Amino acid sequence: MNTISTINVPFHGNNLYVVNYNGQQYVPMKPIVDGMGMDWASQFTKLKQKFSSTIAEITMVAEDGKERNMICLALRKLAGWLHTISPNKVKPEIRDKVIQYQEECDDVLYEYWTTGEVKAKPRKQAKQIAGRITSEQQEAIKQLVLNRGKALPKEKQAKAMITMWSSLKSHFGCTYKEIDSDKFTEALSLAARVPLEGEYIPKQEELPMPKFNKHKTIHTLEGAVIHIRAMKEYWNNGLKDSLKQLGYQHTGSMTEHMTDILFHLDWAIHEIKGDNLEKLPA
C-alpha cells in the first residue's frame with residue numbers, strides 16, 4: 001500500500017503542496033503552473049518529455065475535498081524544471097510572477113518540508129546577479145546537501161540539512177544563491193565536510209608509527225595521507241554524484257587520481273623509512 005502524507009505550503013496567495021509518497025518528496029505541479037499564470041497543457045507535455053523518470057501520478061485530496069489524480073514532480077527536480085522556463089519568452093504580464101517562482105518556490109517548499117515553516121520571508125533578488133554562481137552551480141550545492149542528508153537516518157535528516165545550509169550562510173554571509181562565482185569550489189567543499197550528527201565516517205586506517213628520530217618528512221607525508229583519505233570519503237559520499245548529475249564527465253578520473261596519490265604517498269613513506277617495498281598495501 002502506498003504511504004502518502006501532504007504538507008500545505010502557502011506561497012504568495014496560492015496553496016502549493018509537498019507530498020511524501022513512499023518515502024520520497026514530490027510536488028503537485030498544476031498548482032505551481034497555475035500560480036505562475038502559465039498554460040498547464042504545454043508544461044505537462046514538457047514534464048513528460050524531459051522529466052518522465054521523476055514524475056508520478058499520485059491520488060490526493062484537492063482543495064475542494066475530493067480525491068484527484070495529480071501529476072507530481074520529485075522535489076529534487078523542481079529547480080531544474082523552473083529553470084527550463086525563460087522569463088523573456090513568457091507574456092509580459094506574468095514575467096514578474098515567473099521570476100518570483102524561479103527565485104523562491106523550490107526553497108520555500110524545501111524549507112517547509114524540512115522545518116514545517118519558513119522562518120524569514122524570501123527576499124526578492126535580481127534574475128541573475130553578475131559575479132554570482134550560476135543556477136547549475138546552485139543546483140550542485142543543493143544536490144550535495146540533499147544527498148548527504150538523505151544518507152542519514154530519517155530522524156536526523158532535517159537537522160543535518162539545516163546544519164549544512166546554516167554553515168554555508170554563516171561562512172559566506174549570504175544565501176547559497178548569492179555566493180560569488182569564484183567561491184563555488186569552496187562552497188562545495190564546505191558543504192561536503194560539515195560534521196553531521198549521525199553520519200558514519202569510517203575509522204581511518206592506522207598508519208605505522210614512524211621510528212624514533214626519523215626525518216620530519218615522514219610525519220608530513222602521513223598527514224597528507226590522512227587528509228586525502230578524508231577527501232576521498234567525502235567525494236564518495238555525495239560530491240561525486242552531485243557532479244555527475246550536472247553532466248561532469250571526469251568523476252571516474254578524479255577517483256583514480258585520488259587512489260594514485262595515496263599509492264605514491266605510501267610508496268614514498270616506505271622508501272624513506274627503508275622498509276621492504278614488497279610490503280606495500282595493494
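Note that the structure is a prediction, hence the values are computed from the model and not measured.

All right, on to the sheet that holds strand β5 (residues 67–74) then. Spatially, five strands are ordered β1-β2-β3-β5-β4 in an open sheet, and the strand pairing comes out antiparallel. Each edge of the open sheet carries a strand with a single partner, namely β1 (4–11) and β4 (55–61). On average, each strand axis in the sheet is tilted by 40° relative to the strand beside it, whichever way the strands run. Bridge count for strand β2 (residues 14–21) against strand β3 (residues 24–28) is three bridges, and the pairing is antiparallel. Of the residues in β3, the one forming a bridge with Val19 is Tyr26. Along the sheet face, helix α1 (residues 29–36) touches β2, β3 and β5 and points at about 40° away from the line of β3.

In this section: empty space enclosed by the protein. The method is simple in principle: a probe with the dimensions of a water molecule rolls over the atoms, and the space it marks as empty is what remains. Counted according to the given criterion, the structure contains one cavity of 30 Å³ or more. For the largest cavity, the calculated volume is near 50 Å³. Every residue along the wall of the largest cavity is listed here: Leu75, Arg76, Ala79, Asp106, Tyr110, Lys142 and Leu146. Listing elements by their share of the lining of the largest cavity, those giving two or more residues are α4 (92–115) and α5 (135–150). Looking at the lining of the largest cavity residue by residue, the classes come out as four nonpolar, no polar and three charged.

If you walk through the whole model with that rule in mind, you get four aromatic pairs. On the basis of an interplanar angle of 35° and a centroid distance of 4.7 Å, the ring pair of Trp165 and Tyr176 is categorised as tilted. Placement of Trp165 in helix α6 (residues 154–172) and of Tyr176 in the loop between α6 and α7 (184–193) is noted, with a sequence separation of 11 residues between them. Pair check on accessibility: Trp165 and Tyr176 agree, each one buried.

Moving on: unusual backbone geometry. For His12, which is not glycine, the phi torsion reads 50° and is therefore positive. The topology assignment puts His12 in the loop between β1 and β2. You can call His12 partly exposed: its relative accessible area is 35%.

Examined bridge by bridge, β3 and β5 share three bridges and lie antiparallel to one another. Pairing of Pro28 across the sheet is with Cys72, part of β5. Of the pairings in the sheet, the one linking β4 to β5 comprises seven bridges and is antiparallel in character. Bridging from a neighbouring strand, Met60 pairs with Arg68 of β5.

With that out of the way, let us pick up the nonpolar core. Membership of the largest hydrophobic core comes to 57 residues, with the highest contact counts inside it found for Ile32, Met36, Leu78, Trp81, Cys105, Leu109 and Ile141. If you tally residues by element for this core, the top one is α4, at eight residues. Apart from the residues within four sequence positions on either side, Trp81 is in contact with Met29, Ile32, Val33, Met36, Gln43, Lys46, Leu47, Phe51 and Leu73. One finds Tyr21, Ala56, Ile58 and Met60 within the second-largest nonpolar core, a separate group that totals 10 residues.

The subject of this paragraph is the side chain of Asn20. You can see Asn20 is positioned in strand β2. For Asn20, a relative accessible area of 18% gives the class buried. From its side chain, Asn20 meets the backbone nitrogen of Gln24 in a polar contact 3.4 Å long.

All right, on to the pairing of β3 then. Most of β3 sits inside the fold, with four of its five residues counted as buried. Linkage of β2 to β3, two consecutive antiparallel strands, is achieved through a turn of two residues, within which Asn22 is found at a positive phi near 55°.

The next subject is the packing of α5 against α6. α6 packs onto α5 with a crossing angle of 145° between their chain directions and a minimal axis gap of 8 Å. As α5 packs across α6, the resulting crossing turns out to be right-handed. Of α6, the residues touching α5 (which contributes Ile141, Lys142, Val145, Leu146, Arg148, Gly149 and Lys150) are Gln157, Met161, Met164, Trp165 and Leu168. Here the contact of α5 with α6 is composed, by residue class, of seven nonpolar, two polar and three charged.

In this section: the confidence of the model for the chain. Confidence in the prediction for the chain averages 78 pLDDT; 81% of positions are at 70 or higher. In the model of the chain, helix α9 (residues 251–273) stands out as the element of lowest mean pLDDT, 76, in contrast to α1, which has the highest, 92. Below a pLDDT of 50 lies the segment residues 120–128, which in the model reaches 16 contacts outside its immediate sequence neighbourhood of four places, other chains included. Here residues 276–282 is a poorly scored stretch, pLDDT under 50, and it has eight contacts once near neighbours within four places are set aside; other chains count.

Scoring rules and cut-offs
Residues numbered from 1 in each chain as written. Predicted model: local features only at pLDDT ≥ 70, side-chain atom pairs only at ≥ 80, totals over all residues. Heavy atoms only, no water. Pairing = 2+ DSSP bridges. Helix = DSSP H or I, 4+ residues; strand = E, 2+ residues; numbered from the N terminus. Axes fitted to C-alpha atoms, helices over the stretch in contact; angles between N-to-C directions. Contact = heavy atoms within 4.5 Å. 1 Å grid on protein atoms, 1.4 Å probe; cavity = no way out; pocket = protein on both sides within 12 Å on 5 of 7 lines; lining within 4 Å. Points joined across faces, edges and corners; volume = space filled by probe spheres on them. Nonpolar A, V, L, I, M, F, W, Y, C, P; charged D, E, K, R; others polar. Phe/Tyr/Trp six-rings, centres within 6.5 Å; stacked < 30°, edge-to-face > 60°. Buried < 20%, exposed > 50% of the residue type's maximum accessible area, 1.4 Å probe, protein only. Core = buried A, V, L, I, M, F, W, Y, C linked by side-chain atoms within 4.5 Å. Polar contact = N/O pair within 3.5 Å; in protein donor to acceptor, adjacent residues only side chain to side chain. Left-handed = near helix turned anticlockwise from the far one by under 90°. pLDDT = per-residue confidence, 0-100.

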